[in-house]
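Secondary and tertiary structure notes
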Amino acid sequence: MATERTLSIIKPDATRRNLTGKINAKFEDAGLRIVAQKRIHLTKAQAGEFYKVHAERPFYQELVDFMASEPVVVQVLEGDNAIAKNREVMGATNPADAESGTIRAEFAESVGENSVHGSDAPETAKEEIAYFFSGLELVG
Ligand code: ADP
């Protein structure tokens, strides 16, 4: 299995409810290692740029406003098949469809305010990590 890195975001609905530690425990229990992490407050421009792939979707503005509403925790997770494993631990986008035991089943408030983001493919993981972290912040 390939060791990968993926970009994770603990979203404002979760930081507001003080769930960072509980969510990080889910990652660690699944064998993912948190190799970089910081708490930041995105501007609307930064959130809009990050989610630009969804610019034409009807929920885009709502998503941007939400992501810029309060601080988030951005992190790099590392492990075997980290991209797929992280998405498994996150659960389905809509918490109503998420398997029990997943982060979204346990913590998400709605399809929009769903507690976590995780990269969906190697190329996006690389781009998303570079969006938030410099080489100096990533220990090899
Ligand atoms: P995922 O985060 O599971 O990869 P998507 O890439 O489809 O899901 O969507 C990105 C984010 O946009 C979701 O995590 C969620 O916050 C928001 N979103 C997706 N679909 C909806 C929707 N129907 N209504 C409101 N927000 C949505």
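Anything mentioned here points back to the structure above.
Everything in this summary refers to the structure shown in the same document.

Here is what the cut-offs are and how they apply
- Residues numbered from 1 in each chain as written.
- Predicted model: local features only at pLDDT ≥ 70, side-chain atom pairs only at ≥ 80, totals over all residues.
- Heavy atoms only, no water.
- Helix = DSSP H or I, 4+ residues; strand = E, 2+ residues; numbered from the N terminus.
- Contact = heavy atoms within 4.5 Å.
- Areas by Shrake-Rupley, 256 points an atom, 1.4 Å probe, with all protein chains shown as cover.
- Lys, Arg positive; Asp, Glu negative; His and termini not counted.
- Charge placed at Lys NZ, Arg CZ, Asp CG, Glu CD.
- Pairing = 2+ DSSP bridges.
- Axes fitted to C-alpha atoms, helices over the stretch in contact; angles between N-to-C directions.

**Brief notes about the overall build of the protein**
Helix and strand counts for the protein stand at 7 helices and 4 strands. Mapped from its N terminus to its C terminus, the protein presents α and β elements in the order β-α-α-β-α-α-β-α-α-β-α. With the principal axes as the frame, the protein shows a C-alpha extent of 40 × 35 × 25 Å. Here the analysis covers contacts within the protein between residues at least 6 apart in sequence; of these, 78% occur between residues at least 24 apart. Surface summary for the protein: the accessible area is close to 7,400 Å², and the carbon and sulfur share equals 50%. Taking the 16 positively charged and 22 negatively charged side chains of the protein as two groups, their mean positions are separated by 3 Å.

**Notes on the sheet that holds strand β1 (residues 3-10)**
Whether parallel or antiparallel, the strands of a sheet pair through hydrogen bonds between backbone atoms. Strands sit in the order β2-β3-β1-β4 across an open sheet of 4 strands; the sheet is antiparallel. A strand with exactly one partner marks an edge of an open sheet, and here the two such strands are β2 (33-40) and β4 (116-118). Going across the sheet, the axis of each strand differs from the next one's by a mean of 20 degrees, ignoring polarity. In this structure, β1 lies alongside strand β3 (residues 72-80), joined through 8 bridges in antiparallel fashion. Across the sheet, residue Thr6 finds its bridge partner in β3, namely Leu77. Strand contacts of helix α5 (residues 82-90): β1, β3 and β4, with the helix running at about 35 degrees to β1, the strand carrying the most contacts.

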